[in-house]
Amino acid sequence: MRAVFVFTILAFGSVSCTAQPSDLLILKKNNRTLQTFFPGNEIHFSTYSGYYTGIIKSIGRDSLFLIYYDIRQMPTNLGVYVLDTVATYPFAVNYHQIVALGKMKKNKFDWSASGGALLGGGLLLTAVGLGTWLFTKPNSRYYASPYLVGGAAILGSIGYLLLKSGNKGMILGKKYSLEYIKVK
């Protein structure tokens with residue numbers, strides 16, 4: 001009886017310990033490692049055909065095998081919306097096709113979103129100010145000050161510059177490189 005118990009423990013132990021090592025992807029900036037990608041990591045990248053995001057299922061034979069979760073807001077019977085996973089899509093991408101990786105969030109402040117808000121507010125105030133110049137008499141109650149219109153135009157242009165300067169991602173080439181490490 002004891003021999004059967006020991007054999008069973010050894011058999012189950014050997015079955016559960018057979019793990020296949022997966023290959024790795026290393027993102028480098030000027031030959032310094034920034035990030036290592038292995039199965040279980042979330043990755044955001046773009047190729048020539050589009051932008052993709054997903055969780056890495058495995059890495060092998062120069063390819064990333066990913067799972068994309070389609071998460072949407074779905075209404076409940078109470079009229080409240082909850083996030084629900086509609087579907088999962090497995091797909092594979094060769095790592096040579098990756099052109100850029102998404103920007104890693106080191107700081108929590110998003111300058112692009114702030115620039116978008118400034119651009120929208122600046123355009124709105126400028127349009128309203130110019131509209132008052134067209135449809136009201138000068139020096140009346142509703143006539144916009146030139147300082148207001150000029151300041152709104154300056155804020156809109158600063159917002160445009162912030163919007164264009166932030167979150168471009170890490171473009172692979174001179175500075176950034178993606179290295180494939182074969183483990184097996």
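To start, this report covers the structure provided alongside it.

1. Focus: the sheet that holds strand E4 (residues 51-60)
Spatial strand order, E6-E5-E4-E3-E7-E8: six strands in an open sheet with antiparallel pairing. Each edge of the open sheet carries a strand with a single partner, namely strand E6 (81-94) and strand E8 (170-171). Both strand E7 (residues 98-101) and E8 contribute to a ladder of two bridges, which runs antiparallel. Opposite Leu 101, over in E8, you have Met 170 as the bridge partner.

2. Quick notes on helix H3 (residues 146-165)
In a regular helix each residue adds 1.5 Å, so 20 residues correspond to 28 Å; H3 covers 29 Å between its end C-alpha atoms and thus fits that length. The complete set of buried residues in H3 reads Val 149, Ala 152, Gly 156, Gly 159 and Leu 162. When H3 is viewed along its axis, its buried side chains cluster within an angular range of 145° and face the same direction. Set apart from the buried face of H3 by more than 90 degrees, the exposed residues are Pro 146, Tyr 147, Ile 154, Leu 161 and Lys 164. On its buried face, H3 is in contact with helix H2 (111-135).

3. Considering the side chain of Asp 23
Inspection of the secondary structure assignment puts Asp 23 in the loop between helix H1 (2-16) and strand E1 (24-29). In terms of polar contacts, Asp 23 uses its side chain to reach the backbone amide nitrogen of Val 183, at 3.0 Å. Excluding residues that lie within four positions of it along the chain, Asp 23 makes contacts with Pro 39, Ile 59, Gly 60, Arg 61, Tyr 180, Ile 181, Lys 182, Val 183 and Lys 184.

4. Brief notes about the pattern of salt bridges
Under the counting rule described, the total for this entry stands at two salt bridges. Note that Lys 28 is salt-bridged to Glu 179, the shortest N-O span being 3.1 Å. In this pair, Lys 28 is assigned in strand E1 and Glu 179 in strand E9 (residues 176-181), connecting sequence segments 151 residues apart. Here Lys 28 falls in the buried class, since its relative accessible area comes to 16%. Given a relative accessible area of 31%, Glu 179 falls into the partly exposed group. In this structure, Arg 72 and Asp 70 form a salt bridge, with 3.0 Å as the shortest nitrogen-oxygen distance. Arg 72 sits in the partly exposed class, given a relative accessible area of 45%.

Quick notes on the rules
- Every chain begins its residue count from 1, and numbering advances along the sequence as written.
- A pLDDT threshold of at least 70 governs which residues receive local features in this predicted model, and a stricter bar of 80 or more applies before side-chain atom pairs are shown or counted, although totals over entire chains, interfaces and linings include all residues.
- Neither water nor hydrogens contribute to the side-chain values; these are computed over all heavy atoms in the structure.
- The criterion for strand pairing is that DSSP finds at least two bridges linking the strands in question.
- Helix and strand labels come from DSSP, where a helix needs a run of H or I of at least four residues and a strand needs a run of E of at least two; each type is numbered from the N terminus.
- Expected span, for any helix, means 1.5 Å times one less than how many residues it has.
- Throughout this description, buried means an accessible area under 20% of the type-specific maximum (1.4 Å probe, protein chains only), exposed means over 50%, and partly exposed covers the range between.
- Here the arc refers to the set of directions running from the helix axis out to each C-beta atom.
- It only takes one pair of heavy atoms within 4.5 Å for two residues to be counted as in contact.
- What qualifies as a polar contact is a pair of N or O atoms within 3.5 Å, subject to a donor-acceptor requirement within protein and to the restriction that residues adjacent in sequence count only when both atoms come from side chains.
- Just to be clear on terms, a salt bridge is a Lys or Arg side-chain nitrogen sitting within 4 Å of an Asp or Glu carboxyl oxygen.

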